[in-house]
Amino acid sequence: MATELEYESVLCVKPDVSVYRIPPRASNRGYRASDWKLDQPDWTGRLRITSKGKTAYIKLEDKVSGELFAQAPVEQYPGIAVETVTDSSRYFVIRIQDGTGRSAFIGIGFTDRGDFSTASSSVPNQAPQPSNWVQF
């Protein structure tokens, strides 16, 4: 019953984000954006970060219609849901999940380096967050 009473808060909206198919991680060294086809994104749209209960959601949506392309639930940061790449501050790897529990890793990138900084700093300042989700 408590989950029915929870509402979703919009924490941040970024109008331009690019999505990339990424190769599997070759080793424990981490992901590298330079291994992606950065000049050929597989999808572009907007990014919206929301919060509902103790979970935040990174939502990738169509810029015009608002249709959901993919979402990544984030229960803890740092963690498996969001990973930085080793060679850039504008690109990240997120774990998207569908309603059936299947998941995949995709790359996302911002045109402006400050876009992710703005998105990450907005979360703890906009709404109460769980203590294990201090900064994203």
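From a predicted model like this one, the values you see are computed outputs, not experimental measurements.

Below, the discussion takes up the sheet that holds strand β4 (residues 68–74). On the basis of which strands lie adjacent, the open sheet formed by seven strands has the order β4-β3-β2-β1-β7-β6-β5 and antiparallel pairing. Two strands close off the open sheet at either side, each with one partner strand: β4 and β5 (82–84). Direction aside, the axes of adjacent strands within the sheet are offset by 30° on average. Here six bridges tie strand β3 (residues 55–61) to β4, and the two strands are oriented antiparallel to one another. In the strand pairing of β4, Ala-56 is matched with Val-74.

Below, the discussion takes up the environment of Tyr-31. Checked against the element boundaries, Tyr-31 lands in the loop between β1 (8–20) and β2 (43–52). Taking C-alpha positions, Tyr-31 is 9.2 Å from Gly-107, a pair spaced 76 residues apart along the chain. In this structure, Tyr-31 is in contact with Ile-22, Pro-23, Arg-25, Glu-83, Val-85, Thr-86, Val-93 and Phe-105, ignoring residues within four places of it in sequence.

Next up on the list: the packing of aromatic side chains. In total, this model carries four aromatic pairs according to the counting rule given. Aromatic side chains Tyr-20 and Tyr-91 sit 6.0 Å apart centroid to centroid with 65° between the ring planes, which places their arrangement in the edge-to-face category. Remark: Tyr-91 occurs in strand β6 (residues 91–97) and Tyr-20 occurs in strand β1; sequence separation between them is 71 residues. Looking at Tyr-20, the relative accessible area reads 4%, which means it is buried.

This part takes up the pairing of β2. Counting buried positions over the 10 residues of β2 gives seven, a clear majority of the element. In the sheet, β1 pairs with β2 via nine bridges, with the strands oriented antiparallel. Each residue of the ladder has a partner; that of Cys-12, found in β2, is Ile-49. Two strands pair when backbone bridges link them, and β2 and β3 are joined in this way by seven bridges, in the antiparallel orientation. Across the sheet, Arg-46 pairs through a bridge with Glu-61, a residue of β3. Remark: two residues form the turn of the hairpin made by β2 and β3, two consecutive strands paired antiparallel; Gly-53 in that turn has positive phi of roughly 65°.

What counts and how
- Residues numbered from 1 in each chain as written.
- Predicted model: local features only at pLDDT ≥ 70, side-chain atom pairs only at ≥ 80, totals over all residues.
- Heavy atoms only, no water.
- Pairing = 2+ DSSP bridges.
- Helix = DSSP H or I, 4+ residues; strand = E, 2+ residues; numbered from the N terminus.
- Axes fitted to C-alpha atoms, helices over the stretch in contact; angles between N-to-C directions.
- Contact = heavy atoms within 4.5 Å.
- Phe/Tyr/Trp six-rings, centres within 6.5 Å; stacked < 30°, edge-to-face > 60°.
- Buried < 20%, exposed > 50% of the residue type's maximum accessible area, 1.4 Å probe, protein only.

As far as function goes, none of this settles anything; it's purely spatial.
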